[in-house]
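Read off the chains here:
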Amino acid sequence: MRRTVAAFVIVIAMAGLAVAGELTGTAYGSGVTIAEPTPIATLLAKPEGFVGQKVRVDGVITGVCEKRGCWMQVTDPDTGQGVRIKVEDGVIVFPYESMGHRAAAEGTFEAVKLTPEQVTARAAAAKEAAAGAAAAAGEPCEKAGEPAVKAGCDAPVQNDTIYLIRGTGAVIQS
Amino acid sequence: MRLRRLIIATHRDLGYFFAGLTVIYAVSGVAVNHIEDWNPSYAVRTELKELGQLPEAPTEALADEVLRRLAIDEEPTSVVRMAPHQLKVFLDHRNLTVSIPGGTVADERVRRRFALFEANFLHLNTGKGLWTWIADLYAVGLLVLACTGIFIIPGTKGLGGRGRWLLLAGLGIPIAYLAWMAW
């Protein structure tokens, strides 16, 4: 066990610290290479204009995929607007305990249109959640159905579309 | 005969050397296989609490009030007003999701699972870097263990008899499964 712990510590040390703008922390994937972040509010104000572009966003991690760490939500603490950073399962794993930490993340901005069935199911689930304690718990809307995007069934939706970033890297403040 | 002695010695020494890592990977393997049912690295416990009606106030003041009512004397890592009706307060390994103005709080505590967190960290190669090379070395070691293992015993208990059938049966399982999935 001692050897395992020692190896764990060495690996952590080898992972080193990464710097993204003014943010210093642990790098995930290819880290952050874009110098200037795009404000999330700007991104979501006219999302279609950013689709297909590589962008960087900064903010606070307000959600992480609980089982696989395969997505995280970065939210601008000033506006409350957030965007999901979806990564390939196992390629990058965001730690669940990183919630509340500041992060910079980058990748390709993408739009995923929901089917009419998914829109209806999500609306019903959101209404149900808002009526009960689940709204506070932020429980995933199991009844809403998970679109192929696999970014969590409670991913923010705008105009029946989930806007997300296909993440290639991130820096999470320790 | 000399070759068999070398095979046995290699198998024995590699077996000792990689025994610990094999146990770690095996335990993590079982844990991660069932990832649809649980989080193998973290234990997350959520408790619902009622704080009563909360006043309309700026985000920071509201967070202070929530912490006061919960008797939490800790500086939050961050506070985010997710929506007019929802506030999130992040503490060390603890996340509070507050319903406004109703005052329902989902108090979520996050704990690393003892030993499993570390085992998964290694097995899933979360740290990348140096561990990628060590894991590659381990994979080569397993290959050598498998290859030397089948030549340890000669005769009817080895590849000349029972060993051959067991080897084929072991290979047959994944092949049969893949064929079944394809069909």
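My aim in this report is to walk through the structure given alongside it, one point at a time. Only a predicted model underlies this, so the values are computations on that prediction, with no experimental measurement involved.

Quick notes on the rules
Residues numbered from 1 in each chain as written. Chains lettered and ligands numbered in written order. Predicted model: local features only at pLDDT ≥ 70, side-chain atom pairs only at ≥ 80, totals over all residues. Heavy atoms only, no water. Core = buried A, V, L, I, M, F, W, Y, C linked by side-chain atoms within 4.5 Å. Buried < 20%, exposed > 50% of the residue type's maximum accessible area, 1.4 Å probe, protein only. Helix = DSSP H or I, 4+ residues; strand = E, 2+ residues; numbered from the N terminus. Pairing = 2+ DSSP bridges. Axes fitted to C-alpha atoms, helices over the stretch in contact; angles between N-to-C directions. Contact = heavy atoms within 4.5 Å. Disulfide = S-S within 2.5 Å. Buried area = accessible area lost by both parts, 1.4 Å probe. Salt bridge = Lys/Arg side-chain N within 4 Å of Asp/Glu carboxyl O. Polar contact = N/O pair within 3.5 Å; in protein donor to acceptor, adjacent residues only side chain to side chain. Nonpolar A, V, L, I, M, F, W, Y, C, P; charged D, E, K, R; others polar. Phe/Tyr/Trp six-rings, centres within 6.5 Å; stacked < 30°, edge-to-face > 60°. Lys NZ or Arg CZ within 6 Å of the ring centre and 35° of its normal.

Grouped together as the largest cluster of nonpolar side chains are 32 residues, with contacts concentrated most on A:Val57, A:Met72, A:Ile85, A:Phe94, A:Phe109 and A:Ile165. Listed by contribution, the elements that provide at least two residues to this core are helix 2 (40–45), strand 3 (54–64), strand 4 (71–75), strand 5 (82–86), strand 6 (102–113) and strand 7 (161–173) of chain A together with strand 2 (78–83) of chain B. Tallying contributions element by element places strand 3 of chain A first for this core, with 5 residues. With 17 residues, the next largest nonpolar core counts B:Leu54, B:Leu87, B:Leu96 and B:Ile100 among its residues.

The next thing to look at is the pairing of strand 3 of chain A. All names here are of chain A. Most of strand 3 is tucked away: 9 of the 11 residues are buried. Note that strand 3 and strand 4 share 4 bridges and pair antiparallel. Bridge pairing in strand 4 links Ile61 to Val74. Once strand 3 ends, the chain turns through 6 residues before running back antiparallel as strand 4, passing Gly69 with a positive phi of about 65°.

Residues and elements named next belong to chain B. Across the sheet, 5 strands lie side by side as 1-5-4-3-2; this open sheet has antiparallel pairing. The open sheet terminates on both sides in strands that have one partner only, identified here as strand 1 (42–50) and strand 2. The average angle at which neighbouring strand axes cross in this sheet is 15°, direction not considered. Across 9 bridges, the pairing between strand 1 and strand 5 (residues 104–112) is antiparallel. Residue pairing across strands places Ala43 opposite Arg111, the latter belonging to strand 5. Along the sheet, helix 2 (residues 59–69) contacts strand 2, strand 3 (86–91) and strand 4 (94–99); its crossing angle with strand 3, the most-contacted strand, is approximately 65°.

Okay, the state of the cysteines next. Going through the model one piece at a time under the given rule, you end up with 0 disulfides over all chains. A:Cys70 supplies the cysteine sulfur nearest to A:Cys65, a cysteine that is in no disulfide, at a spacing of 3.4 Å.

Attention now moves to the interface of chain B and chain A. Taken together, the 38 residues of chain B in the interface contact 32 residues of chain A. Each partner contributes to the roughly 2,900 Å² buried at the junction of chain B and chain A, and carbon and sulfur atoms together form 65% of this total. Between chain B and chain A we count 2 salt bridges in total. We note a salt bridge from A:Glu97 to B:Arg112, for which the minimum N-O separation is 2.7 Å. For the pair chain B and chain A, the number of links is 10 residue pairs in polar contact (both at pLDDT 80 or more). Looking at the side of chain B that touches chain A, the elements with two or more residues in it are strand 1, strand 2, strand 3, strand 4, strand 5, helix 3 (116–123) and helix 4 (130–149) of chain B. Among the residues making up the side of chain B that touches chain A, the classes are represented as 19 nonpolar, 11 polar and 8 charged.

Our next topic: unusual backbone geometry. Phi is mostly negative for residues that are not glycine, and the peptide bonds are mostly trans. All names here are of chain B. Here the amide bond leading from Ile100 into Pro101 is cis, since omega sits at 0°, within 30 degrees of zero. Within the secondary structure, Pro101 sits in the loop between strand 4 and strand 5. Look at Asn125: it is not a glycine, yet its phi comes out positive at around 50°. Looking at the element boundaries, Asn125 is found in the loop between helix 3 and helix 4.

This brings us to the packing of aromatic side chains. Counted according to the given criterion, the structure contains 9 aromatic pairs over all chains. Ring geometry for A:Tyr96 versus B:Tyr42: centroids 6.4 Å apart, planes at 45°, classification tilted. Separated into two different chains, A:Tyr96 in the loop between strand 5 and strand 6 and B:Tyr42 in strand 1 make up a pair that spans both. Exposure class is identical for A:Tyr96 and B:Tyr42. Each is buried. Between A:Arg84 and the ring centre of A:Trp71, over which it is positioned, the NZ or CZ distance is 3.8 Å.

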